Amino acid sequence: MGRHALPGTPTVPLVLRKSSRARRISLRISQLDGRVTLTYPQFVAETEALNFAQQKEAWIRQHLEERPTPAEVRFGQTIPVEGAPRRIVPVSGRRVILRPDEVAVPEGAEARRLARFFKELARDRLTSACDDYSAMLGRSYSTLTLRDTRSRWGSCSSAGGLMFSWRLILAPPEVLHYVAAHEVAHLAEMNHSPAFWENVEQLFGPYKNPRRWLRDNGAELHRYRFERRAA
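What you see is a predicted model, and the numbers here were worked out from it, not measured in a lab. (Residues numbered from 1 in each chain as written. Predicted model: local features only at pLDDT ≥ 70, side-chain atom pairs only at ≥ 80, totals over all residues. Heavy atoms only, no water.)

## Some remarks on the sheet that holds strand E8 (residues 97-98)
The criterion, for reference: At least two DSSP bridges between two strands are required for those strands to pair. Only DSSP runs of H or I reaching four residues or more are called helices, and only runs of E reaching two or more are called strands; each is numbered from the N terminus. Contacts were defined at the residue level, with two residues in contact if any of their heavy atoms lie within 4.5 Å. All axes here are fitted lines through C-alpha atoms, helices being fitted over the stretch that makes contact, and every angle between N-to-C directions spans 0 to 180 degrees.
With mixed pairing, the 4 strands of this open sheet are ordered in space as E6-E7-E9-E8. Among the strands making up the open sheet, the edge pair consists of strand E6 (78-81) and E8. Relative to strand E7 (residues 84-91), E6 runs antiparallel, the two sharing 4 bridges. Each residue of the ladder has a partner; that of Thr78, found in E7, is Arg87. The sheet contacts of helix H3 (residues 110-137) involve E6, E7, E8 and strand E9 (102-106), and relative to E9 the element is tilted by about 120°.

Encoded structure:
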């Protein structure tokens, strides 16, 4: 994996990845940190891949400019929780408290405390949803793990392991449930065939609106920073 950059102001760092599985040159911009990854097949020369990136420079810069501004989590800031905007406020004691329009967090390492609370809440909501959907499908899953993923909201392994981004707890509940149904449906169909989408609709119901919401608003969920960055 090599590192290059598009010239100009500012320069745009590129991560080059040669892949034996790739059949064409592709570009991906991370929603989490704006990293631009250029993937190309084994039979393509590095110079050809770089020329491709240069041809797409206007597209790359436009997408980077449209990325939401990162926001460091702190008191006084508003953050969505289950789709509802809540103001982060201090509270005495040791517990994070979720209120209709606030999320109260004990002072001291409040960002980490809040991230831990969100992960626990996401696990609770996703486990409940996946248990229901897997029972409806008649297929059980083996594990459920949470991560802070860059490029996908969920996945299902061939061994029946489900993985989700814990940031789904920031999205409206119907979006979280759609992603849960989507991954559970993969327990029966490890593809995106018509049969797969029929299973999604049988489990969740009409899914186009939450799918569109995630496509249009998903980047916003990645803008919140729960760890301070070194100066």
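Having put the structure on the table, let's press on.
## Regarding the packing of aromatic side chains
Selection criterion: Pairing of aromatic rings covers Phe, Tyr and Trp, the last counted by its six-membered ring, and requires centre-to-centre distances within 6.5 Å; plane angles under 30 degrees mean stacked, over 60 mean edge-to-face, and any other angle means tilted. Type-normalised accessible area, obtained with a 1.4 Å probe on protein chains alone, sets the label of each residue: buried when under 20%, exposed when over 50%, and partly exposed for intermediate values. Sitting over a ring, as applied to charges here, requires NZ of Lys or CZ of Arg to be within 6 Å of the ring centre and within 35 degrees of the ring normal.
All told, the structure shown has 7 aromatic pairs when counted by the stated rule. Ring geometry for Phe117 and Phe118: centres 6.0 Å apart, planes at 50°, overall tilted. Between the aromatic rings of Trp166 and Phe226, the centroid separation amounts to 5.3 Å while the plane-to-plane angle is 70°, which identifies the pairing as edge-to-face. With Trp166 in the loop between strand E12 (161-165) and helix H4 (173-185) and Phe226 in the segment after strand E13 (224-225), this residue pair connects regions lying 60 residues apart in the sequence. Both residues of the pair, Trp166 and Phe226, count as buried. In textbook terms, an aromatic cluster arises when at least three aromatic residues are bridged by ring pairs, as seen for Tyr178, Phe196, Trp197, Phe204 and Tyr207. The side chain of Arg223 reaches across the aromatic face of Tyr224, ending 5.3 Å from its centre.

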